[in-house]
Amino acid sequence: MARRARPGIVRAVIDVQQVTKRYGTTAALDGLSFQVRPGRVTGFLGPNGAGKSTTLRIALGLDRPCQGRVLFDGRPYGQLREPLRHVGALLQSGAVQGGRSAYHHLLWLARTQRIGPRRVREVLDLVGLEAAASRRAGGFSLGMTQRLGIAAALLGDPPVLLLDEPGNGLDPEGVRWLRTLLRGLAAEGRTVFVSSHLMGETALTADHLVVIGQGRLLADMPTADFADAGSLEEAFLRLTAGATDYRGGVGSA
């Protein structure tokens, strides 16, 4: 059965077009192209150093590609007016001013985008931080800081979400909460793009996978087809076995 978009949600597509990024003689990304479509959770996988964080930073205009571009519904991030209303992102959940309360951290972000204080209260409630709204963010646990970062990503009620390792620091209840949240957002017709190293959780959450290694696309397919009757972890390790700059043995960290 096709999912039905929530009224008012624009069905935006993330379009990564032939993106290359070099640092000296090292290619972090090498002609990378793929699309992330709405109405599903797309997992973004790859070994350490594969280029996942670089891809997300380029998408958000934090790094400049040597070649190619990333578009959100046909426009680069830098051309989006009030970008939090179009793209919600979580890259570094700890990027908060520790002396501010959770409420005032979000209120400061909201005012830059002409978002009212009512929405601040809504997202605090959505991520389970309403009781901690007046507490200084600098005293939060890692899991609470992660929830605050997710609240910031949701602040503009955006049609697109880019989340880098959103499950970091969450306890088992928090991981289940996040899974339900992400699948619910996708069911509303949003484009949900999630980078993760948690294979078991990705298997439960993602409908589709984009896998990269050494800056190149290795797979772009439904999760069920990728695993193909085996575990997602085993399928991932087989695919990426030759796509790392390091090798591990038994007992390697």
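Residues numbered from 1 in each chain as written. Predicted model: local features only at pLDDT ≥ 70, side-chain atom pairs only at ≥ 80, totals over all residues. Heavy atoms only, no water.

So, empty space enclosed by the protein
Scanning all chains against the criterion turns up one cavity of 30 Å³ or more. Taken as a whole, the largest cavity spans an internal volume of roughly 170 Å³. As for the largest cavity, its lining consists of 17 residues, of which V194, S196, E201, T202 and T205 are closest to the centre. Mapped by element, the contributors of at least two residues to the lining of the largest cavity are β3 (40–45), α5 (172–187), β7 (191–195) and α6 (199–205). (1 Å grid on protein atoms, 1.4 Å probe; cavity = no way out; pocket = protein on both sides within 12 Å on 5 of 7 lines; lining within 4 Å. Points joined across faces, edges and corners; volume = space filled by probe spheres on them. Helix = DSSP H or I, 4+ residues; strand = E, 2+ residues; numbered from the N terminus.)

Topic: the sheet that holds strand β8 (residues 208–213)
One open sheet accounts for six strands, arranged β5-β6-β7-β3-β8-β9; its pairing is mixed. The outermost strands of the open sheet, each flanked by one partner alone, are β5 (87–90) and β9 (216–222). Averaged over all pairs of adjacent strands, the angle between strand axes in this sheet comes to 15°, irrespective of strand direction. Note: strand β6 (residues 160–164) against β7, five bridges, orientation parallel. Paired with D164 across the two strands is S195, which belongs to β7. Sitting on the sheet, helix α4 (residues 142–154) touches β5 and β6, and the angle it makes with β5 is about 165°. (Pairing = 2+ DSSP bridges. Axes fitted to C-alpha atoms, helices over the stretch in contact; angles between N-to-C directions. Contact = heavy atoms within 4.5 Å.)

Here's the deal with the pairing of β9
The pairing of β8 with β9 spans six bridges and is classified as antiparallel. What sits directly across from V210, in β9, is D220. Here β8 hands over to β9 after two residues, with Q214 in that stretch at a positive phi of 50°.

Thoughts on helix α2 (residues 102–112)
Residues lying three or four places apart along an α-helix face the same way, a consequence of the helix completing one turn every 3.6 residues. Of the positions making up α2, those classed as buried are A102, Y103, H105, L106, L107, L109 and A110. Buried residues along α2 sit against α3 (117–126) and α4. A positive backbone phi angle near 60° is found at R114, which sits one or two residues after α2. (Buried < 20%, exposed > 50% of the residue type's maximum accessible area, 1.4 Å probe, protein only.)

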